[in-house]
Amino acid sequence: MMMNRRTFSAALVAGAAASLISTRGIAAPAAPVKARNVVLAHGLFADGSCWTEVIARLQAAGLNATAVQNPLTTLPEAVASVQRVLDRQDGPTVLVGHSFSGMLVTEAGVHPSVSALVYVAARAPDAGEDYTALAKTFPTPPASAGIVFDGDEGRLTEAAFLRDFAGDLPEAKAKVLYAVQEPFHKALLAGKTTQAAWRSKPSWYAVSTEDRTIDPDLERFMAKRMGAKTVELKSSHLSLISHPDAIASLILEAAGQQRA
């Protein structure tokens, strides 16, 4: 039997508590715009299927969820892939990004359909900011040493993927994700955002406290700078897979579908 929305929301809250969420001090808007659409963008070393567990929970709560297949080629092409999906939405939409795709949320989030932004262990640059330079002001995350290139295509080694990217997932599951990782193009990393949607849109941020791909203190800095409602998860970089209840709960909150 399909659970109703109230029962599902209660289950998400319980799951979030079990996932060791702690809420930081910056409050989200008292009454987020109610949205039934969610667009989710993936980052490096992944594809749209990384959102499967979160999508199942959003669909069970009655939301329309769409995962973008980020081409990982150039920033303009990746942003365009998000904008095309946003153009198909029929009302207020929560735009969600993991990891590198925080760049896409920051740029494409100015789209008129976007009512709220959710960053999951994600980059959140300001307009025109050099994210690489910003990241260098924090400790270098261990995963960086595991990036290898075949010509212009980059990927993580298996050892780095299992240890530094998906460290809190069962090894068998992490190996499957490693096998389907999508290589990224060097040109992608050279792009800079021209917009900062978080300056005008309400924002939420999930920090991964055990992250070895983006430094957790960098995540905290970006979340605080944007004035985001922030939660902390004891998680690897892949909290969307290891803590799907918590991430779905955060998205539902941003969609105005449950109480903060």
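Since the structure is predicted, the reported quantities are computational estimates derived from the model, not experimental observations.

Describing the overall build of the protein chain
Right, on to step 1. Within the protein chain one finds 10 helices and 10 strands.
Right, on to step 2. Within the protein chain, the proportion of its 260 residues that are buried is 54%.
Right, on to step 3. By sequence separation, contacts in the protein chain at least 24 residues apart represent 74% of the contacts at least 6 residues apart.
Right, on to step 4. With an accessible surface of roughly 10900 Å², the protein chain has 54% of that area assigned to carbon and sulfur atoms.

Some thoughts on the pattern of salt bridges
Right, on to step 1. Summed over the entire model, instances satisfying the criterion amount to 11 salt bridges.
Right, on to step 2. With a shortest N-O distance of 3.2 Å, E171 and K175 are connected by a salt bridge. Remark: K175 and E171 occur in helix α7 (residues 171-179); sequence separation between them is four residues, near one turn of the helix.
Right, on to step 3. Accessibility expressed as a relative area gives 52% for E171, which makes it exposed.

Overview of the side chain of K201
Right, on to step 1. For K201, the position within the fold is in the loop between β8 (184-185) and β9 (203-208).
Right, on to step 2. Despite its burial, K201 pairs with no opposite charge; the closest candidate is D87, at 12 Å N-O.
Right, on to step 3. A distance of 2.8 Å separates a polar atom in the side chain of K201 from the backbone oxygen of G109.
Right, on to step 4. Sequence-distant contacts of K201, that is, excluding residues within four places in its chain, are made with G109, V110, H111, V114 and L117.

What to know about empty space enclosed by the protein
Right, on to step 1. This structure, assessed with the given rule, holds one cavity of 30 Å³ or more.
Right, on to step 2. Space inside the largest cavity adds up to approximately 70 Å³.
Right, on to step 3. In terms of lining residues, the largest cavity is bounded by F45, A46, D47, S49, C50, F161, F165, L177, V180, L238 and I241.
Right, on to step 4. Class assignment of the residues belonging to the lining of the largest cavity gives a composition of nine nonpolar, one polar and one charged.

Cut-offs used in this document
Residues numbered from 1 in each chain as written. Predicted model: local features only at pLDDT ≥ 70, side-chain atom pairs only at ≥ 80, totals over all residues. Heavy atoms only, no water. Helix = DSSP H or I, 4+ residues; strand = E, 2+ residues; numbered from the N terminus. Buried < 20%, exposed > 50% of the residue type's maximum accessible area, 1.4 Å probe, protein only. Contact = heavy atoms within 4.5 Å. Areas by Shrake-Rupley, 256 points an atom, 1.4 Å probe, with all protein chains shown as cover. Salt bridge = Lys/Arg side-chain N within 4 Å of Asp/Glu carboxyl O. Lys, Arg positive; Asp, Glu negative; His and termini not counted. Polar contact = N/O pair within 3.5 Å; in protein donor to acceptor, adjacent residues only side chain to side chain. 1 Å grid on protein atoms, 1.4 Å probe; cavity = no way out; pocket = protein on both sides within 12 Å on 5 of 7 lines; lining within 4 Å. Points joined across faces, edges and corners; volume = space filled by probe spheres on them. Nonpolar A, V, L, I, M, F, W, Y, C, P; charged D, E, K, R; others polar.

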